[in-house]
Amino acid sequence: TPTMQAALGDAAWLTGMERNSDLIVISCYAPLLVNVNPGAGQWATNLIGYDAQAAFASPSYYVQKMFAQNRGDEVVPTDVVPQAGPPAAVVQSKGNVGVGTWLTSAEFKELKVTHNGEMLMPAASEPVLNRFRRVGGNWEIAGDSIRQTSLAENVRATIGDRNWTDYTFSVKARKIAGAEGFLILVRSEGPDDYIWWNIGGWGNSRSALERARYGGKQEIGTGTDTTIETGRWYDIRVEVNGPSIKCYLDDKLIEEAADVSPAPPTSLFAAVSRDLKSGDLLAKVVNVSGSRQTVLLQIQGAATSGRAAGLELQGDPGAVNSIAEPKKVFPRSVSATAGPTGLLHAFPAHSVTVLRIPVRSARH
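Quick caveat, the model's predicted, so the values are computed rather than measured. (Residues numbered from 1 in each chain as written. Predicted model: local features only at pLDDT ≥ 70, side-chain atom pairs only at ≥ 80, totals over all residues. Heavy atoms only, no water.)

Asks: Help me understand the pairing of strand β11 (residues 155–159), please; the structure alone is not making it clear to me.
Replies: The side chains of a regular strand alternate between both faces of the sheet. Most of β11 sits out of view: five of its five residues are buried. The side-chain alternation of β11 yields two buried faces, one formed by Val155, Ala157 and Ile159 and the other by Arg156 and Thr158. For strand β5 (residues 96–101) and β11, the ladder comprises five bridges, and the chain directions are antiparallel. Across the sheet, glycine 98 pairs through a bridge with threonine 158, a residue of β11. Pairing between strand β8 (residues 133–135) and β11: three bridges, direction antiparallel. In the sheet register, arginine 133 faces β11, and the bridge partner there is threonine 158. (Buried < 20%, exposed > 50% of the residue type's maximum accessible area, 1.4 Å probe, protein only. Helix = DSSP H or I, 4+ residues; strand = E, 2+ residues; numbered from the N terminus. Pairing = 2+ DSSP bridges.)

This is how it looks when you write it as structure tokens:
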């Protein structure tokens, strides 16, 4: 069953659904039930767990319930304005190098990394497989090459020092079979933080640089039309120098882009709706960060009256409920005093909060 981290992701997603409810009319969580005995489950993530004697709800179940039982009739336009803080420090991108494939089998040889003429990683005549950090696929040594024989998605093997910053990475690559081309990684700090040059991606139709960070991936630069032939060796070179990234295929400059660190992801998500029968506002706030956030809810076009009350789900991101601890993560009642134009409330770290705010009048 889902962790609290998964529940936070579900809640953030649901705020987006609610804000766009003119387009999204219904949602359903699946799979719903799982037998938690060893070997009895089919899917990796399920909403409710059970065995022959008991059942328990996951943190994601309580998120679904909190949203479903506090659904307004009209969406109220909502802006989340982060508090101004000190400018973020500029961090020099760093990381090692790697190769990979997507729906393709390929082999790579003569991997080499240099910096200002100095050899950081010389090309090995006989690669050693256990020097590579591998993610998926079937890797093997074939003479002077490292070969990947699977046709799976997102297969990678990295090597080198994760503290490297500026360097030139060169490699020879040959496609054996499959739908696309090669993935050439630079500045790879971890499984979810890297840059790769996707050569012959998108059905072997184009190439582009992509930056993976914060669990997502986005293109940097413009991309070019590129097709990779099966059975042909290609000379590939990527030069990283400060923010500059230059990519060469057979000594021809194909891609050029700037590695500009993106802003950190939003840490607060919110959606507000109005209950037409009572006139109350229903505010749903998700704090995915690791620190408490004190937020001023300023309400325009309405005057608050009395105390706001609701539910709050909070827990360690890795926390899960279980047969033994069915309410390790469980909603608790919360309240807040509303002023004339809104209310001030501290939302705990890793929390989902639903507040019902009484109002005396409202204008459309």
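And the narrative resumes.
Asks: I keep staring at a nonpolar patch on the surface and nothing clicks. Help me out?
Replies: A contiguous nonpolar surface patch, about 280 Å² in accessible area, is contributed by Leu32, Leu33 and Tyr50. Within the element layout of this structure, leucine 33 appears in strand β1 (residues 33–35). (Patch = residues over 30% accessible without salt bridge, like charges linked within 9 Å, V, L, I, M, F, W, Y side chains within 5 Å. Areas by Shrake-Rupley, 256 points an atom, 1.4 Å probe, with all protein chains shown as cover. Salt bridge = Lys/Arg side-chain N within 4 Å of Asp/Glu carboxyl O.)

Asks: Before we go on, may I ask you to explain the environment of leucine 344 in this structure?
Replies: If you trace the backbone, leucine 344 turns up in strand β26 (residues 342–347). Distance from leucine 344 to leucine 297, taken between C-alpha atoms, is 6.2 Å for residues 47 residues apart in sequence. Non-local contacts of leucine 344, meaning those with residues more than four positions away in its chain, are made with Thr294, Val295 and Leu296. (Contact = heavy atoms within 4.5 Å.)

Asks: Sorry, what's going on with the nonpolar core here?
Replies: Side chains that are nonpolar tend, in soluble globular proteins, to be buried together. Judged by nonpolar contacts, the single largest core of 36 residues is most densely connected at Phe108, Leu111, Phe169, Phe182, Ile184, Trp197 and Ile236. Ignoring sequence-local partners within four residues, the contact set of phenylalanine 108 consists of Val99, Gly100, Thr101, Trp139, Asp144, Ser145, Ile146, Val171, Lys172, Ala173, Phe182 and Ile184. Counting residues in each nonpolar core, the second largest holds 19 residues, with Leu268, Ala308, Ala338 and Leu355 among its members. (Core = buried A, V, L, I, M, F, W, Y, C linked by side-chain atoms within 4.5 Å.)

Asks: Any chance you could explain the sheet that holds strand β24 (residues 307–314) here in plain terms?
Replies: Working definition: the strands of a sheet are paired by backbone hydrogen bonds and lie parallel or antiparallel to each other. Strand order in the open sheet made by the six strands is β4-β20-β21-β27-β24-β25, with antiparallel pairing throughout. One side of each edge strand has no neighbouring strand; the edge strands of this open sheet are β4 (74–76) and β25 (332–337). When the angles between neighbouring strand axes are averaged without regard to direction, this sheet yields 25 degrees. Where β24 meets β25, six bridges bridge the pair, whose relative direction is antiparallel. Bridging from a neighbouring strand, arginine 307 pairs with threonine 337 of β25. Relative to the sheet, helix α1 (residues 4–19) contacts β4, β20 (268–274), β21 (281–287), β24 and β27 (351–357), its axis offset from that of β20 by approximately 45 degrees. Against the sheet, helix α2 (residues 59–68) touches β21, β24 and β27, its axis set at about 155 degrees to β24. (Axes fitted to C-alpha atoms, helices over the stretch in contact; angles between N-to-C directions.)

Asks: What is the right way to read α2 from this model?
Replies: It helps to recall that an α-helix has 3.6 residues per turn; residues three or four apart then point in one direction. Buried residues of α2: Pro59, Ser60, Tyr62, Val63, Met66 and Phe67, and no others. Buried residues in α2, looked at end-on, bunch into an arc of 160 degrees, giving them a common side. Turning to α2, the residues buried within the fold contact α1, β3 (55–57), β21, β24 and β27. (Arc of directions from axis to C-beta.)

Asks: What is the right way to read the pattern of salt bridges from this model?
Replies: When charged atoms on two side chains of opposite charge get close, those side chains can pair. Following the criterion strictly, the structure yields 18 salt bridges and no others. The shortest N-O distance in the salt bridge between aspartate 259 and arginine 187 comes to 3.1 Å. Taken as a pair, aspartate 259 in the loop between β19 (252–258) and β20 and arginine 187 in strand β13 (residues 182–190) lie far apart in primary sequence, 72 residues in all. Each member of the pair, aspartate 259 as well as arginine 187, is classed as buried.

Asks: I'm lost on the packing of aromatic side chains in this one. Help?
Replies: Centre distance and the angle of the planes are the two values used to describe a pair of aromatic rings. By the definition in use, this model includes seven aromatic pairs. Measuring from ring centre to ring centre gives 5.4 Å for tyrosine 61 and tyrosine 62, while their planes differ by 80 degrees; the resulting arrangement is edge-to-face. Its relative accessible area of 26% is what places tyrosine 61 among the partly exposed residues. Consider the rings of tryptophan 164 and tyrosine 167, whose centres lie 5.8 Å apart with planes at 65 degrees: the pair is edge-to-face. (Phe/Tyr/Trp six-rings, centres within 6.5 Å; stacked < 30°, edge-to-face > 60°.)

Asks: Teacher, can you tell me more about the sheet that holds β3 here?
Replies: Reading across the sheet, the three strands line up as β1-β2-β3 and stay open at both edges, with mixed pairing between neighbours. This sheet does not close on itself; its edge strands, each paired only once, are β1 and β3. In this sheet, neighbouring strand axes are inclined to one another by 25 degrees on average, regardless of whether the strands run parallel or antiparallel. Here three bridges tie strand β2 (residues 48–50) to β3, and the two strands are oriented antiparallel to one another. Bridging across to β3, tyrosine 50 finds its partner in alanine 55.

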